[in-house]
Structures are given as structure tokens and as C-alpha cells.
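A look at the structure
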Amino acid sequence: MSPLLNIAAEEAQNPLIPEIPEVVIGLLAFVIVFGFLAKKLLPNINKVLEERREAIEGGIEKAEAAQTEAQSVLEQYKAQLAEARHEAARLRQEAQEQGAALIAEMRAEGQRQREEIIAAGHAQIEADRKVAASALRQDVGQLATELAGKLVGESLEDHARQSRVIDRFLDELEEKAEAGR
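Below or above, wherever it landed, is the structure these notes cover. This is a predicted model, so every value here is computed, not measured.

1. Concerning the overall build of the protein chain
- Of the regular secondary structure elements, the protein chain holds 3 helices and 0 strands.
- Of the regular secondary structure in the protein chain, the N- to C-terminal order runs α-α-α.
- Counting the 181 residues in the protein chain, one finds 3% classified as buried.
- Counting only carbon and sulfur atoms, one obtains 62% of the accessible surface of the protein chain, whose full area is about 16200 Å².

Structure, rendered in C-alpha cells:
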């Protein structure tokens, strides 16, 4: 054929419109590939998608259950915390009351001991005063007897008489001292 006829034949054939045998073969190949994919691959894809959907829904349900459980645990924790705070406040109040009672008791005990010490001190002072007065009486009496013996020139050794004289003399001194107060 001549080159002109070839150009005319090519112009008669539109490149956008395929020939009928090519369309039939392409359609047949598409149906075979689609059938193969529909039989083998599509069930596996659907199965994986279904498993994934179930896993996501199960995860959501588990998360909701965990959140509900966490909320209940939080409420229990808050209740226990409030109870513990209440118990701590009660214990603190009891400790303060016991401390105040103990302080009052210790003060009373200290006051009682102070009174006992003062009373014992007064008793000791009184006993010491009596002992000192008795010793002083004896010493003064003895000195007075010796002085009187020296003045009179004879011994006044009679003990009973000496005691009476000394006692009478000291009693007179005490009466004068009390009258002067």
C-alpha cells in the first residue's frame, strides 16, 4: 500500500475508540481479575476489617468499663480520705483534751507537792527552833548559874532548882517579848 492509503486508513480509525476484539478481551480480563479478587481477596479484607471493628468496639467498651471502675475507685478513695481526715481531726481533738487534762493534773500535783514541801519546811523550822530554844535555854541557864555562883560565891549545882530558876527567868523574858509586839 501506498503511503497515502496508510494515512487515509489511519485517519479512518479513531485512536480514542478501541476495536471490538480489544474491548471484549479487556472486559473478559477485567471480569476474571474482579472474580478472583472477589473470591480470594475480598473475604480476607472483610474479615480483617471486621476483626478491626470488633477490636475497636471492644477497646471502647473496655475503656468505658475501666473508666467506670476508675471513677468508683476514685469515689472510694475520696470517701476513705474524708474518713481519714475526720479520724485525724478526732484524734487531734482527743490528744488536745488529754494534753489539757494532763497539764491541769500536773499543775495540781505540783501545787500539792509545793504545799507539802512548804508544810514540811515549816515543821522542820519549828522543830529546829524548838531544839535551838531548848539548847539556848540550857546554855543560858548554865551561864546564868555559873555567873550567879560567881556572884554569890558558892556553887549552885542543884539541878532541879537550877532548872526552875532558868525556866522562870526565860518565861518572864518571853512574856516581855510578846507584850512588846
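Alright, that's what it looks like, and here's the rest.
2. Let's talk about the pattern of salt bridges
- Under the definition given, this model contains 8 salt bridges.
- A salt bridge links Arg 53 to Glu 57, with the shortest nitrogen-to-oxygen separation between them at 2.9 Å. Of this pair, Arg 53 and Glu 57 both sit in helix α2 (residues 20–152), 4 residues apart, roughly one helical turn.
- The exposure class assigned to Glu 57 is partly exposed, which follows from its relative accessible area of 39%.
- Close ionic contact of Glu 109 with Arg 112 constitutes a salt bridge, the shortest N to O distance being 2.2 Å. Of this pair, Glu 109 and Arg 112 both sit in helix α2, 3 residues apart, which is roughly one turn of the helix.

3. Structural notes on the packing of aromatic side chains
- A complete count under the given rule lists 1 aromatic pair for this structure.
- Ring plane angle 20 degrees and centroid distance 6.1 Å describe the contact between Phe 30 and Phe 34, whose orientation is recorded as stacked. Here Phe 30 and its partner Phe 34 are both found in helix α2, 4 residues apart, which amounts to about one turn of the helix. Residues Phe 30 and Phe 34 agree in their burial class; the two are exposed.

4. Notes on a nonpolar patch on the surface
- Together, Val 33, Phe 36, Leu 37, Leu 41, Leu 42, Ile 45 and Leu 49 give the surface a local cluster of nonpolar side chains, amounting to about 630 Å² of exposed area.
- By the secondary structure assignment, Leu 37 is in helix α2.

Rules used throughout
- Residues numbered from 1 in each chain as written.
- Predicted model: local features only at pLDDT ≥ 70, side-chain atom pairs only at ≥ 80, totals over all residues.
- Heavy atoms only, no water.
- Helix = DSSP H or I, 4+ residues; strand = E, 2+ residues; numbered from the N terminus.
- Buried < 20%, exposed > 50% of the residue type's maximum accessible area, 1.4 Å probe, protein only.
- Areas by Shrake-Rupley, 256 points an atom, 1.4 Å probe, with all protein chains shown as cover.
- Salt bridge = Lys/Arg side-chain N within 4 Å of Asp/Glu carboxyl O.
- Phe/Tyr/Trp six-rings, centres within 6.5 Å; stacked < 30°, edge-to-face > 60°.
- Patch = residues over 30% accessible without salt bridge, like charges linked within 9 Å, V, L, I, M, F, W, Y side chains within 5 Å.

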